[in-house]
Structure formats: C-alpha cells, structure tokens
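Descriptive analysis of the structure
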Amino acid sequence: MNQAVHRAHLHLSPDSIYPFDARGIAKRFRHAAIFGALDALQPGETMRFCNDHDPLPLLDQLSNRYGPTVDIRYLQREPGAIVIDFVKQAG
C-alpha cells in the first residue's frame with residue numbers, strides 16, 4: 001500500500017482541515033455532534049466550524065472539556081458569519 005495513501009486513511013496528515021457547518025444541524029443535537037467530531041480528530045487535525053452566531057457558551061464548554069488539547073482560532077467573526085478553527089493538540 002502506498003505510504004501516503006495509508007497516512008491519509010489514518011488521518012495523520014498534519015494539515016487536514018475538516019469542515020463542520022453547524023447551521024445544518026438541529027440545535028438540540030449540535031453540541032453532541034461537535035463533541036463527537038472533536039473527539040474523532042487526531043493531533044494536528046483541524047475542524048473548521050461555521051455558524052451564524054458566535055457560540056460563546058459552546059466555547060466555554062469546549063474549554064472545560066478539552067482544556068489545552070483543543071486550540072480555538074477565529075478566522076471570521078462577523079454578525080451572521082462565524083468561522084472558527086478548532087485544532088487538536090497532542091494531549
């Protein structure tokens with residue numbers, strides 16, 4: 001098996017960015033879906049989160065749950081257009 005293909009299959013590429021658009025998920029399931037997606041990330045991988053509002057309560061929950069193992073980086077922070085990279089760190 002080609003080593004590059006094998007690495008990609010195992011999600012070990014350090015520049016992997018996975019989109020997550022919260023606007024299409026029912027509100028009652030959003031946080032559980034976000035936690036599940038973050039739990040699936042490997043160190044160095046990024047979940048690019050899109051939402052229509054700034055998710056401040058969610059960010060508090062993420063900070064309490066993951067601490068320094070998830071880095072939060074705003075890419076866009078405008079009314080109606082929020083984009084945040086959640087970057088999984090080695091824990």
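One structure accompanies this document, and this report is about it.

Definitions and limits used
Residues numbered from 1 in each chain as written. Predicted model: local features only at pLDDT ≥ 70, side-chain atom pairs only at ≥ 80, totals over all residues. Heavy atoms only, no water. Core = buried A, V, L, I, M, F, W, Y, C linked by side-chain atoms within 4.5 Å. Buried < 20%, exposed > 50% of the residue type's maximum accessible area, 1.4 Å probe, protein only. Helix = DSSP H or I, 4+ residues; strand = E, 2+ residues; numbered from the N terminus. Contact = heavy atoms within 4.5 Å. Arc of directions from axis to C-beta. Expected span 1.5 Å × (residues − 1).

**Re the nonpolar core**
The biggest cluster of nonpolar side chains holds 16 residues, and the ones touching the most others in it are Ile34, Leu38, Met47, Phe49, Leu62 and Phe86. Only helix H2 (27-40), strand S2 (46-51), helix H3 (56-66) and strand S4 (81-88) provide two or more residues apiece to this core. If one sorts the elements of this core by residue count, H3 sits on top with four residues. Those residues in contact with Ile34 that sit more than four places away from it in its chain are Phe20, Met47, Phe49 and Leu58.

**A look at H3**
If you check which residues of H3 are buried, you get Leu58, Leu59, Leu62 and Tyr66. For H3, the angular spread of buried residues about the axis comes to 100°, placing them on one side. Those residues of H3 that are exposed and aimed more than 90 degrees away from the buried face are Pro57, Asp60 and Asn64. Turning to H3, the residues buried within the fold contact H2, S2, strand S3 (70-78) and S4. Directly beyond the C-terminal end of H3, a positive phi value near 55° is found at Gly67.

**Some points on H2**
The terminal C-alpha atoms of H2, which comprises 14 residues, lie 21 Å apart, in line with the 20 Å expected from a rise of 1.5 Å per residue. Where H2 is concerned, the buried positions are Arg30, Ile34, Phe35 and Leu38. Taken around the axis of H2, the buried residues stretch over an arc of 120°, which confines them to a single face. Residues Arg28, Ala32 and Ala40 are exposed on H2 and point more than 90 degrees away from its buried face. Residues of H2 that are buried make contact with strand S1 (17-21), S2, H3 and S4.

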